Amino acid sequence: MGFWYFLILFVGIFLVIKGLLGNKKFILIVVGLLCIALSIFMFSPGSDEIISEIFHLN
């Protein structure tokens, strides 16, 4: 699972850089920051318990 979290992190970094260097498209920066935040959250300990409670998985 760590591979996918790293992939989301690198996609987020790529989108932020592309948004800042390109035409400064706001949506690319926002989506990139959301990807980075999601991957950092998923790397944190206990995130699987939080996700299982949100989606009612037992």
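Relevant structure appears above.
Note that the coordinates shown come from a computational prediction; the quantities given were computed from them, not determined experimentally.

Trainee: Quick rundown of the packing of aromatic side chains? Include the residues and the values.
Mentor: By the definition in use, this model includes 4 aromatic pairs. Geometrically, the ring pair formed by F3 and W4 is edge-to-face, given 5.0 Å between the ring centres and 75° between the ring planes. Relative to F10, the ring of F6 has its centre 6.1 Å away and its plane inclined at 20°; by these criteria the two rings are stacked. Of this pair, F6 and F10 both sit in helix α1 (residues 2-21), separated by 4 residues, roughly a single helical turn. F6 gets classed as partly exposed once you look at its relative accessible area, which sits at 41%. By relative accessible area, which is 52% here, F10 ends up exposed.

Trainee: Give a detailed account of α1, specifying residues and quantitative values.
Mentor: Three- or four-residue spacings in an α-helix give side chains the same orientation, since the helix completes a turn every 3.6 residues. If you check α1, its first and last C-alpha atoms are 29 Å apart, about what 20 residues at 1.5 Å a residue would give, namely 28 Å. When α1 is considered as a whole, its buried residues turn out to be Y5, L9, G12, L15, V16 and G19. Take α1 and look down its axis: the buried residues cluster within an arc of 125°, on one side only. Exposed and facing more than 90 degrees away from the buried side of α1 are F3, F10, F14 and L21. Against the buried residues of α1 lie α2 (26-43).

Trainee: Please provide a residue-by-residue account of a nonpolar patch on the surface, values included.
Mentor: A cluster of nonpolar side chains, contributed by F6, F10, I13, I17, L20, L21 and F43, occupies part of the molecular surface with about 710 Å² of accessible area. No other element matches α1, which puts 6 residues into the nonpolar patch.

Calculation criteria
- Residues numbered from 1 in each chain as written.
- Predicted model: local features only at pLDDT ≥ 70, side-chain atom pairs only at ≥ 80, totals over all residues.
- Heavy atoms only, no water.
- Phe/Tyr/Trp six-rings, centres within 6.5 Å; stacked < 30°, edge-to-face > 60°.
- Helix = DSSP H or I, 4+ residues; strand = E, 2+ residues; numbered from the N terminus.
- Buried < 20%, exposed > 50% of the residue type's maximum accessible area, 1.4 Å probe, protein only.
- Expected span 1.5 Å × (residues − 1).
- Arc of directions from axis to C-beta.
- Contact = heavy atoms within 4.5 Å.
- Patch = residues over 30% accessible without salt bridge, like charges linked within 9 Å, V, L, I, M, F, W, Y side chains within 5 Å.
- Areas by Shrake-Rupley, 256 points an atom, 1.4 Å probe, with all protein chains shown as cover.
- Salt bridge = Lys/Arg side-chain N within 4 Å of Asp/Glu carboxyl O.

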